Amino acid sequence: MGMISACPLDCYDACEVVFEGNFKASENHILSNGKLCANFGRLISAKTLRDENLAEKLEILKSKILSTKPEKILYFGGSGNVGVMNSILQNTFAKLGATIATGSLCDGAGASGIEAGRGAVINPPFSNLLASDLIVVWGRNLSVTSPHIYDKIKDKTFITIDPRKTPIAQKSILHIQIKPKTDYLLALILARFAFMEGLEDVSFLEKYTENWQDFFELSRNFKIKPALEELDLSLDNLGDFLHLVRGKKVAFLVGIGVQKYFEGDDILRCIDGLAAILGLFNKDAGGVWYLSDSKNGFENPFDAKFFKTVPKPSVDFGKFDLVFLNGANVAKSMPNSTKVIDGLKQSFVVNLTTMENETCKYSDVVLPAKTFLAKNDIRLSYATDEIIKMPKIKDEPNAISEFELAKFLDDSVENEEFYLQYFEKRVQKKSIEKFTFIDEVEVEIQKLAKNEFYLITPKTKNGLNSQFVDTNIVYFHPDCGLEDGDEVELGTKIGSAKFNVQTCDKLRTDCAVIYAGTKNVNHLTTSMISKNGDCAIFQELKVKLLGENFEDESEEDFDLYDSF
Ligand SMILES: Nc1nc2c(c(=O)[nH]1)N[C@H]1C(S)=C(S)[C@@H](COP(=O)(O)OP(=O)(O)OC[C@H]3O[C@@H](n4cnc5c(=O)[nH]c(N)nc54)[C@H](O)[C@@H]3O)O[C@H]1N2
Ligand SMILES: Nc1nc2c(c(=O)[nH]1)N[C@H]1C(S)=C(S)[C@@H](COP(=O)(O)OP(=O)(O)OC[C@H]3O[C@@H](n4cnc5c(=O)[nH]c(N)nc54)[C@H](O)[C@@H]3O)O[C@H]1N2
Ligand SMILES: [Mo]
């Protein structure tokens, strides 16, 4: 019998693994099901950092902390490893009175929309997904970003709503190749037709909601013909959707693609509203899934009060005298790389990381972090109710774990077991008690001038966020007139950068696709935060082809973004 552990990467799937000299996937685990993914393979073969001068570096950190005013210290945690013990350092810095970077580079805008409607982001039980018979994959690259979940449901019927013809779109009975950022309108128009066709779940609406008439009124504010023009869809697309969901046990798997925008909260709330009209909540089959808060229902031992916070996407590192980074490759993962890098250069940066990353170039002290193999931890899941223990499997000398560093900085830290026991059992899990519909929506969809494109920046199968990815490619539809291998410069209001072109007929002609983790992508993105949820909005700005070959026709006012 080998030792059981879990993959620490920030995925929808939280896979169990078995270590027996090398790694195997658990045969009987609900998700890993005997298979490991390529990213886990990359993780365990990655070159990790070690430093014989670790003790000296730790002393530098300690004395820096002592000589810096607490609020001038910034703690910034990333999602390189999502084991629960990772948060202990945030607690340590909070206790010191440091400023804590809060909010999200990920799902926060959409999450705040869901919270506004139903109180908390809670996913239905995994058994509901298995019991559903029609799955709407909405802004989620299902088979790529959660291959193990996909594997469990691959024989079901799918509808995909995505501007790209993703692998799951190609397998779907209906692919709505939606124009970016128009999902709120699609959801509203579908809700309106659902009412017209009597698809609303009256018993759900009467029991759990009070203001569904407001949502109905809101959906009627949009005239069908102009809405279809804005959506760039035909009436048939909508008819097909409604025909397919009628009488089915429907699951919505909503990804973060729909909400990388300023009004991401409202967009998700409209999608959730459509789901509520169809009565997808609180049933034994179907429901709405989003990333969710995997710590929901647990008591949190890391509960130190934050004295001061700043939203992650718009942090100005230059304003702090000491920046502590934990599992966050900010020079690549955060929006507005130019601003991020300038800020890092002006501050004293301590970077705790398992691997060499882009941010190391701008770090004054790089602390080698122990990998999941060398520390005790627990992995929770976004998708299931599982709790997987991650015991220490081997020693990694000349590196330090988050727990060990917390203990080094704070004498009052208890032993590991004390913290881990909080995550060994769920205290309570909330259910949806009341659903409040959105009753007002204003989402701005920008028109494209010549040589402008909507930026789509999704995840790649070849990496995990910034980890393992080192390419510099932008994808365009072949009809855009560019050719494989062309070098182009792309610009937004924030900045510009060069990329190599690859053509791909799976895209819309009005979109430019650059994967997360691509070297220069975040030189184009804004550090402005979402209307709610303090979230990054990586797809808010359209991109323009620059250079003498491309005429400049747009007359824009740059005011809104000047300060970002
Ligand atoms: N292989 C791999 N797996 C991963 C990750 C990884 O980097 N690589 N990262 C992990 C993390 S941290 C996260 S948060 C999850 C995220 O996983 P997903 O939720 O799948 O997120 P994305 O890949 O960013 O985008 C999903 C899809 O949204 C589409 N999209 C973009 N804009 C729009 C729009 O306006 N409307 C609609 N309807 N669709 C749109 C994109 O084309 C894309 O196919 O994946 C996790 N899993
Ligand atoms: N353009 C664009 N940008 C994006 C996105 C996008 O879709 N498009 N996606 C966003 C999303 S959803 C997310 S979640 C963020 C993620 O961005 P980040 O939070 O930066 O996460 P990663 O890139 O996965 O990993 C960061 C670093 O963590 C380190 N690490 C790994 N394991 C450990 C460990 O055990 N301990 C410590 N201390 N360090 C460790 C690795 O060396 C890695 O360099 O990126 C965001 N950035
Ligand atoms: Mo994420």
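All values derive from a computational prediction rather than experimental measurement. (Residues numbered from 1 in each chain as written. Chains lettered and ligands numbered in written order. Predicted model: local features only at pLDDT ≥ 70, side-chain atom pairs only at ≥ 80, totals over all residues. Heavy atoms only, no water.)

With that out of the way, let us pick up the layout of surface pockets. Taken as a whole, the second largest pocket spans an internal volume of roughly 340 Å³. Lining the second largest pocket are 17 residues, with Asn141, Arg164, Pro167, Cys504 and Tyr515 positioned closest to its centre. Its residues assigned to classes, the lining of the second largest pocket shows seven nonpolar, five polar and five charged. (1 Å grid on protein atoms, 1.4 Å probe; cavity = no way out; pocket = protein on both sides within 12 Å on 5 of 7 lines; lining within 4 Å. Points joined across faces, edges and corners; volume = space filled by probe spheres on them. Nonpolar A, V, L, I, M, F, W, Y, C, P; charged D, E, K, R; others polar.)

This paragraph deals with the side chain of Asp151. If you trace the backbone, Asp151 turns up in helix α7 (residues 147–153). Taking relative accessible area as the criterion, Asp151 reaches 19% and is therefore assigned buried. Not counting the four nearest positions on each side in its chain, Asp151 is found in contact with Asn33 and Lys35. (Helix = DSSP H or I, 4+ residues; strand = E, 2+ residues; numbered from the N terminus. Buried < 20%, exposed > 50% of the residue type's maximum accessible area, 1.4 Å probe, protein only. Contact = heavy atoms within 4.5 Å.)

Let us now look at a negative patch on the surface. There is a patch of like negative charges on the surface, built from Asp214, Asp439, Glu440, Glu442 and Glu444. For Asp214, the location among the structural elements is in helix α11 (residues 212–220). (Patch = residues over 30% accessible without salt bridge, like charges linked within 9 Å, V, L, I, M, F, W, Y side chains within 5 Å. Areas by Shrake-Rupley, 256 points an atom, 1.4 Å probe, with all protein chains shown as cover. Salt bridge = Lys/Arg side-chain N within 4 Å of Asp/Glu carboxyl O. Lys, Arg positive; Asp, Glu negative; His and termini not counted. Charge placed at Lys NZ, Arg CZ, Asp CG, Glu CD.)

With that settled, the discussion passes to the sheet that holds strand β7 (residues 157–161). Neighbouring strands of a sheet are bound in pairs by backbone hydrogen bonds; such pairs are parallel or else antiparallel. The strand order across the open sheet built from five strands is β8-β7-β6-β9-β10, with neighbouring strands paired in parallel fashion. One side of each edge strand has no neighbouring strand; the edge strands of this open sheet are β8 (174–176) and β10 (287–289). Averaged over all pairs of adjacent strands, the angle between their axes in this sheet comes to 15°, without regard to strand direction. Taken together, the three bridges between strand β9 (residues 250–254) and β10 define a ladder with parallel strand orientation. Bridged to Leu253 within β10 is Trp289. (Pairing = 2+ DSSP bridges. Axes fitted to C-alpha atoms, helices over the stretch in contact; angles between N-to-C directions.)

Time to look at the sheet that holds strand β13 (residues 348–353). Taken in spatial order, the six strands line up as β11-β5-β4-β12-β13-β14 in an open sheet, and their pairing is parallel. A single partner strand is all that each edge strand has here, and the edge strands are β11 (308–311) and β14 (365–368). Going across the sheet, the axis of each strand differs from the next one's by a mean of 20°, ignoring polarity. In this structure, strand β4 (residues 73–77) lies alongside strand β12 (residues 322–326), joined through five bridges in parallel fashion. Residue pairing for β12: Tyr75 is matched across the bridge by Phe324.

Packed helices, taken two at a time, are described by the angle between their axes plus the distance between the axes. One can describe the packing of helix α9 (residues 183–196) onto helix α14 (residues 264–277) by two numbers: an axis separation of 8 Å at closest approach and a directional angle of 20°. If you check the angle between α9 and α14, you find them roughly parallel. The way α9 lies across α14 gives a crossing that is left-handed. Residues Asp183, Tyr184, Ala187, Leu188, Leu190, Ala191, Ala194 and Phe195 of α9 pack against Ile267, Cys270, Ile271, Leu274 and Ile277 of α14. In the contact of α9 with α14, the residues fall into twelve nonpolar, no polar and one charged. (Parallel < 35°, antiparallel > 145°, perpendicular 65-115°, else oblique. Left-handed = near helix turned anticlockwise from the far one by under 90°.)

By the definition in use, this model includes four cavities of 30 Å³ or more. Contributing to the lining of the second largest cavity are Pro180, Lys181, Tyr261, Glu444, Ile445, Gln446, Tyr454, Leu455, Gln539, Glu540, Leu541 and Lys542. Tallied by class, the residues present in the lining of the second largest cavity amount to six nonpolar, two polar and four charged.

Neighbouring residues of ligand 2: 33 residues in total, closest Ser333, Thr353, Glu402, Lys459 and Ser466. Within the backbone of Asn329, one N or O atom sits 2.9 Å away from an oxygen atom of ligand 2. Ser466 is positioned with one of its side-chain polar atoms (N or O) 2.5 Å from an oxygen atom of ligand 2. Contact with the protein chains removes 96% of the 920 Å² of surface that ligand 2 exposes when unbound. Looking at side-chain class alone, the shell around ligand 2 contains eleven nonpolar, 16 polar and six charged residues. (Near = heavy atom within 4 Å. Polar contact = N/O pair within 3.5 Å; in protein donor to acceptor, adjacent residues only side chain to side chain.)

A separate point is the site of ligand 1. The environment of ligand 1 is formed by 36 residues, the closest being Tyr12, Asp162, Lys260, Gly463 and Asn465. Between ligand 1 and the protein, one listed contact pairs an oxygen atom with a backbone N or O atom of Lys181 at 2.9 Å. For ligand 1, the protein covers 99% of the area, taking 920 Å² as the surface of the free molecule. Residue composition of the shell around ligand 1, grouped by class: 16 nonpolar, eleven polar and nine charged.

So, on to the pattern of salt bridges. Evaluated as defined, the whole model comprises 29 salt bridges. Across the pair Lys154 and Asp151 runs a salt bridge whose closest N-O atoms are separated by 3.5 Å. In this structure, the salt-bridge partner of Asp265 is Lys531, at a minimum N-O distance of 3.3 Å. One end of the pair, Asp265, is in helix α14; the other, Lys531, is in the loop between β21 (511–513) and β22 (542–546), and 266 residues separate them in sequence. Overall, Lys531 belongs to the partly exposed group, its relative accessible area being 36%.

On to unusual backbone geometry, then. You will see that Asn282, though not glycine, has its phi angle at about 55°, which is positive. Along the chain, Asn282 turns up in the loop between α14 and β10. Judged by its relative accessible area of 37%, Asn282 is partly exposed. Of note in this structure, Asn451 is not a glycine but carries a positive phi near 65°. For Asn451, the location among the structural elements is in the loop between α18 (416–420) and β17 (452–456).

Quick look at the nonpolar core now. Side chains of a nonpolar character, in soluble globular proteins, are inclined to be buried together. Core analysis: the largest hydrophobic core is formed by 88 residues, its most contacted members being Trp138, Leu186, Phe241 and Phe252. By residue number, the principal contributor to this core is α9, which donates eleven residues. When sequence neighbours within four positions are dropped, the list of residues in contact with Phe252 reads Val136, Trp138, Phe241, Ile271, Leu274, Ala275, Leu278, Leu280, Gly287, Val288 and Trp289. Leu61, Met85, Val365 and Phe423 belong to the second-largest nonpolar core, a separate cluster that totals 36 residues. (Core = buried A, V, L, I, M, F, W, Y, C linked by side-chain atoms within 4.5 Å.)

Turning to the packing of aromatic side chains, a few remarks are in order. A full pass over the atoms with the stated rule returns 25 aromatic pairs. Pairwise contacts between aromatic rings join Phe204, Tyr208, Phe215, Phe281, Phe435 and Phe437 into one cluster. Lying across the ring of Phe348, Lys64 places its NZ or CZ 4.5 Å from the centre. (Phe/Tyr/Trp six-rings, centres within 6.5 Å; stacked < 30°, edge-to-face > 60°. Lys NZ or Arg CZ within 6 Å of the ring centre and 35° of its normal.)

Let's shift gears to helix α1 (residues 38–45). Among the residues of α1, those classed as buried are Asn39, Phe40 and Leu43. For α1, the angular spread of buried residues about the axis comes to 100°, placing them on one side. Residues of α1 that are buried in the fold lie against β2 (16–19) and β3 (23–25). (Arc of directions from axis to C-beta.)

Relative to the helices and strands, Glu230 is located in helix α12 (residues 224–231). For Glu230, a relative accessible area of 21% puts it in the partly exposed group. Once the C-alpha coordinates of Glu230 and Ile400 are considered, the two residues, 170 residues apart in sequence, prove to be 53 Å apart. Setting aside chain neighbours within four positions, we find Glu230 in contact with Lys179, Thr182, Leu185, Ile445 and Lys447.

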